[in-house]
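# Architecture at a glance
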Amino acid sequence: MTQASVKQASPVDRPRSQPATLPNLDAVPVVNSHNEWDLLEEVIVGRAENACVPEWHPVLQATMPSRHWDFFRQNGGQPFPAEVTTAAERELEVFCRELEAQGVTVRRPEPIDWKQAYATPDVASEAGLYAAMPRDLLLVVGNEIIEAPMAWPSRLFESRAYRPLIKHYFERGARWTAAPKPELGKHTFNHDHAEAGYDIHAGRSVITEHEPLFDAADFSRCGRDIFCQISQVTNRFGIEWLQRHLGENYRVHILEVNDPNAMHIDASFIPLAPGRVLIHPDRVTKLPDMFADWEVLTPPAPTVPDSHPFYFSSHWLSLNLLSLDEKRVFVEAEEQPMIDFLRRHGFEPIPVHFRNFGSLGGAFHCATCDIRRHGNLESYF
Ligand code: DAV
């Protein structure tokens, strides 16, 4: 975006009482994040309050652990049990304080009542979901915030929780885009595979190519190269939309990830520094040749007990790290083998208890969205 276009665009529909202060485009952009490891300066951390259980729908069958299907069938559309959200919120508070202690500015979305039904001409939902996982929804590329076109009907209006923050950043010079709002109607989903079971590798995806769909968390940023997976919430049309939107300064690569029910790449492929990537040992067995010079770190398996209710995810949330820089990473305090592993490889792990939050489907990477990291757009390959 040129300076001229901002100057023309900004004052247009401002209330008269508000001064038309224009962003200083010479300063470091308020939104500036090109990769997963530059020094973190500002971040959005999600909220657990008012989270609802998503209504049962083929997208849940395609992505959620089968041992929890009954939980979704029985509680869909209802608020999450208070003991889950309260425990998660407590952990989020500690995490926020720890981020601040490390010098990071923390912003939170609005507390929204997600228990409101809605309908469009194509889709209806008993309730929204939550604002716990900004990473799922918001993709920051450079100085731009992109709202993802999410496949779950319960997430169609999730951006409402973040709009005050996004407007705040827009007023300070950020670019703001919402990808085409999906219909989520009868052409969007494949209902045929409910019996056989959804499995991307067997051609049984729950989403069609009717319209662009992606979750932001299916993308991982390494400067000019952005890596993604095709998943049960991200289709080729969505990836193509993003590539064309970002233009020739970026190369979007589809990784081969062995996960028939894939949803989000950030417990499978986790770049930690230039030339260093952590991978899920079973899911990522082959990286493109461009990684030949990279150190590929294979972590220990998670130790969380089988009985722990991670309703939305596998037990590999232990890989869902958030980097403060090329050394310091937030890691689950109860995953001692992972902490030892990171130390052995020269990282400085910051352990935080986060397993209760994990019941909502993510850990430190999912719970956050980078707003500003200190660094520039570079090529690491
Ligand atoms: O391993 O179930 C979790 C990613 C959460 N956003 C998994 C993927």
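Scroll up to find the structure.
The shown structure was predicted, so the numbers you read here are calculated from the model rather than taken from an experiment. Just so you know, the residues in each chain are numbered from 1, in the order the chain's sequence is written. Side-chain atom pairs in this predicted model are given and counted only at pLDDT of 80 or more, local residue features only at pLDDT of at least 70, and totals for whole chains, interfaces and linings cover all residues. Where side-chain values are given, they derive from all heavy atoms of the structure, hydrogens and water being excluded.

## Quick word on the overall build of the protein
Put simply, the rule reads: A run of H or I in DSSP counts as a helix once it spans at least four residues, and a run of E counts as a strand once it spans at least two, with each numbered from the N terminus. What the globule rule says is 2.2 Å times the number of residues to the power 0.38, and the radius of gyration is computed from C-alpha atoms. Relative accessibility thresholds used throughout: buried, under 20% of the residue-type maximum; exposed, over 50%; partly exposed, between the two (1.4 Å probe, protein chains only). Residue contacts are defined here by distance: any two heavy atoms, one from each residue, within 4.5 Å place the two residues in contact.
For the protein, the helix and strand inventory stands at nine helices and 17 strands. Against the 2.2 N^0.38 benchmark of 21 Å for 381 residues, the protein shows a C-alpha radius of gyration of 20 Å, consistent with a compact globule. Put simply, the protein has 381 residues, and 59% of those count as buried. Summarising the internal contacts of the protein: among those between residues at least 6 apart in sequence, 72% fall at separations of at least 24.

## Some remarks on the environment of leucine 165
One can find leucine 165 in helix 6 (residues 163-171). Placed 144 residues apart in sequence, leucine 165 and proline 309 show a C-alpha to C-alpha distance of 31 Å. Leave out the neighbours within four places in its chain, and leucine 165 touches Ile44, Arg107, Arg108 and Pro109.

## What to know about the sheet that holds strand 17 (residues 368-374)
The condition is simple: Should DSSP find at least two bridges between two strands, the strands are taken to pair. Think of each axis as a best-fit line through the C-alpha atoms, taken over the contacting stretch in the case of a helix, with angles from 0 to 180 degrees between the N-to-C directions.
Across the sheet, three strands lie side by side as 2-1-17; this open sheet has mixed pairing. Edge positions in the sheet fall to strand 2 (105-107) and strand 17, since each has one partner strand and no second. Between one strand and the next, the sheet's axes are offset by a mean angle of 20°, whatever the strand orientation. Both strand 1 (residues 39-45) and strand 17 contribute to a ladder of six bridges, which runs antiparallel. Bridge assignment links glutamate 42 to a residue of strand 17, and that residue is arginine 372. The sheet strands contacting helix 4 (residues 82-101) are strand 1, strand 2 and strand 17, and the helix crosses strand 1 at an angle near 155°.

## Quick look at the layout of surface pockets
Applicable threshold: Think of a 1 Å grid over just the protein atoms. A cavity is a set of points where a 1.4 Å probe fits yet cannot get out, a pocket is an open set with protein on both sides within 12 Å along at least five of seven lines, and lining residues have an atom within 4 Å of a point. Grid points are joined across faces, edges and corners, and a volume is the space filled by probe spheres set on the points.
Quantified by volume, the largest pocket comes out at close to 490 Å³. Residue lining of the largest pocket: 27 residues in total, with Thr63, Met263, Phe312, Ser313 and Ser314 positioned closest to the centre.

## Some words on the packing of aromatic side chains
Applied cut-off: Only centres within 6.5 Å qualify two rings of Phe, Tyr or Trp (six-membered ring in Trp) as a pair; their planes then separate them into stacked at under 30 degrees, edge-to-face at over 60, and tilted for everything else.
All told, the structure shown has 27 aromatic pairs when counted by the stated rule. On the numbers, 5.4 Å between centres and 55° between planes, the contact of phenylalanine 227 with phenylalanine 269 is tilted. With a gap of 42 residues between them, phenylalanine 227 in strand 9 (residues 225-228) and phenylalanine 269 in strand 11 (residues 269-273) connect regions that are remote in the sequence. Each member of the pair phenylalanine 227 and phenylalanine 269 is classed as buried.

## Remarks on the site of the ligand
The criterion, for reference: We call a residue near a molecule or strand whenever a single non-hydrogen atom of that residue lies within 4 Å of it. Each polar contact in these results corresponds to two N or O atoms within 3.5 Å; when the atoms are within protein, one needs to be able to donate a hydrogen and the other to accept it, and residues that are neighboring in sequence are counted only if both atoms are side-chain atoms. All accessible-area figures derive from a Shrake-Rupley calculation using a 1.4 Å probe, and residue coverage is judged against the displayed protein chains alone. More than half of a molecule's atoms within 2 Å of the grid points is what it takes for that molecule to sit in a cavity or pocket. Ten residues, namely Ala, Val, Leu, Ile, Met, Phe, Trp, Tyr, Cys and Pro, are considered nonpolar, four, namely Asp, Glu, Lys and Arg, are considered charged, and the remaining ones, Gly among them, are considered polar.
Near the ligand, the surroundings consist of Met263, His264, Asp266, Ala267, Arg283, Ser313, Ser314, Leu317, Gly361 and Cys366. One of the side-chain nitrogen or oxygen atoms of histidine 264 is found 2.8 Å away from a nitrogen atom of the ligand. Starting from 280 Å² of accessible surface for the ligand in isolation, the protein chains cover 92%. For the ligand, the cavity whose grid points lie within 2 Å of the majority of its atoms is the largest pocket. Tallied by class, the residues present in the shell around the ligand amount to four nonpolar, four polar and two charged.

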